[in-house]
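Summary of the model geometry
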Amino acid sequence: VNISADVSAKIMRLSVKEGDWVEKGQFLLELDRERYSAEVESVQASLRATQAQARVAEENLTKVRKDLERVQSLFDQRLESQSALDAASATAEVEQARHRAALDQVEQIRASLKQAQDALSKTTIYAPMGGTVSKLNKEVGEIALGSQFQEDVILEISNLQGMEALV
């Protein structure tokens, strides 16, 4: 099994060397987490700010709806004009749209947070199977290039138990 990184970062810790036996789930290496950790913190801050904006939009919507009810009541009593009712109704629709947009933005930032947390979790690599480290291509301090399209093999784990040699 070729072990490569899903994210690009410097190798900070490497707990195995060529020829070592590893068990499934054993810690192999850790990549530099600083950039990914900062990204998670940044997106969390954006999420808090966006949630606050959504609460403000909700409060504005509540106020505008109450204003619309008042204007409607006054209009029904013939104390307010049709234009005032139309204006209050239009304002309510605008605030409804702003509130919906704010909620959508919160969901978008939540998805970004999930993505950032996923990238952070990929900075620690564990053995997918038991076997022997048969090849070690990188050392501590080197950059592991994470890519979905091109493989940058850090190390290779081989199951040598089932090997047969014909002499």
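Above this text sits the structure in question.
Here we summarise the structure given alongside this text. (Residues numbered from 1 in each chain as written. Predicted model: local features only at pLDDT ≥ 70, side-chain atom pairs only at ≥ 80, totals over all residues. Heavy atoms only, no water.)

1. Examining the overall build of the protein chain
Put simply, the test is: Only DSSP runs of H or I covering at least 4 residues are called helices, and only runs of E covering at least 2 are called strands; the numbering of each starts at the N terminus. Radius of gyration here is computed from C-alpha atoms only, and the compact-globule reference equals 2.2 Å multiplied by the residue count raised to the power 0.38. By the convention used here, residues are in contact when the closest approach between their heavy atoms is within 4.5 Å. Per-residue and other accessible areas were derived by the Shrake-Rupley procedure at a 1.4 Å probe size, with only the shown protein chains allowed to occlude residues. Only four residue types enter the charge count: Lys and Arg as positive, Asp and Glu as negative, with His and the chain ends excluded. Working definition for charges: the position is that of NZ of Lys, CZ of Arg, CG of Asp or CD of Glu.
Regarding its fold elements, the protein chain presents two helices and eight strands. Going from N to C terminus, the protein chain has its helices and strands arranged as β-β-β-β-α-α-β-β-β-β. Relative to a compact globule of 167 residues, whose C-alpha radius of gyration would be 15 Å, the protein chain shows 29 Å and is clearly more extended. The contacts of the protein chain with a sequence gap of at least 6 include a subset with a gap of at least 24, amounting to 78%. Accessible surface computed for the protein chain: about 11,000 Å², of which carbon and sulfur atoms make up 49%. Taking the average place of the 20 positive charges on the side chains of the protein chain and the average place of its 27 negative ones, the gap between the two points comes to 5 Å.

2. Focus: the sheet that holds strand 3 (residues 21-22)
Put simply, the test is: Whether two strands pair depends on DSSP finding at least two bridges between them.
Within the open sheet, the four strands sit side by side as 1-8-6-3. Their pairing is antiparallel. Only two strands of the sheet have a single neighbouring strand rather than two, namely strand 1 (2-4) and strand 3. Strand direction decides the pairing type here: strand 6 (residues 131-136) and strand 8 (residues 153-158), joined by four bridges, are antiparallel. Across the sheet, residue K135 finds its bridge partner in strand 8, namely E156.

3. A short note on the packing of aromatic side chains
Note the threshold: We call Phe, Tyr and Trp rings a pair once their centres come within 6.5 Å, taking the six-membered ring for Trp, and we label the pair stacked below 30 degrees between planes, edge-to-face above 60, and tilted otherwise. Think of it in three bands: residues with accessible area under 20% of the maximum for their type are buried, residues over 50% are exposed, and the middle band is partly exposed, with areas taken using a 1.4 Å probe on protein chains only.
The tally for this structure, following the rule as stated, stands at one aromatic pair. Plain terms: the ring middles of F27 and Y126 are 6.1 Å apart, the flat faces sit at 70° to each other, and that makes the pair edge-to-face. Here F27, found in strand 4 (residues 27-31), pairs with Y126, found in strand 5 (residues 124-126); they are 99 residues apart in sequence, far enough to count as distant. For Y126, a relative accessible area of 46% corresponds to the partly exposed category.

4. Digging into the sheet that holds strand 7 (residues 143-144)
Pairing is antiparallel across the open sheet formed by four strands, whose spatial order is 5-4-2-7. If you trace the sheet from one side to the other, it starts and ends with strand 5 and strand 7, each paired once. Alignment of strand 4 against strand 5, held across three bridges, turns out to be antiparallel. Within the sheet, the bridge partner assigned to L29 lies in strand 5 and is I125.

5. So, the pattern of salt bridges
Rules: By definition here, a salt bridge exists when the distance from a side-chain nitrogen of Lys or Arg to a carboxyl oxygen of Asp or Glu is within 4 Å.
According to the stated counting rule, one finds eight salt bridges in the structure shown. K17 is the partner of D20 in a salt bridge, and the nearest nitrogen-oxygen pair spans 3.5 Å. Judged by its relative accessible area of 54%, K17 is exposed. Residue D67 pairs with K63 through a salt bridge whose shortest N-O separation is 2.8 Å. With D67 and K63 both in helix 1 (residues 34-76) and four residues apart, the pair spans about one turn of that helix. Among the residues examined, D67 registers a relative accessible area of 25% and is labelled partly exposed.

No statement about biological role is implied by the geometric values presented.
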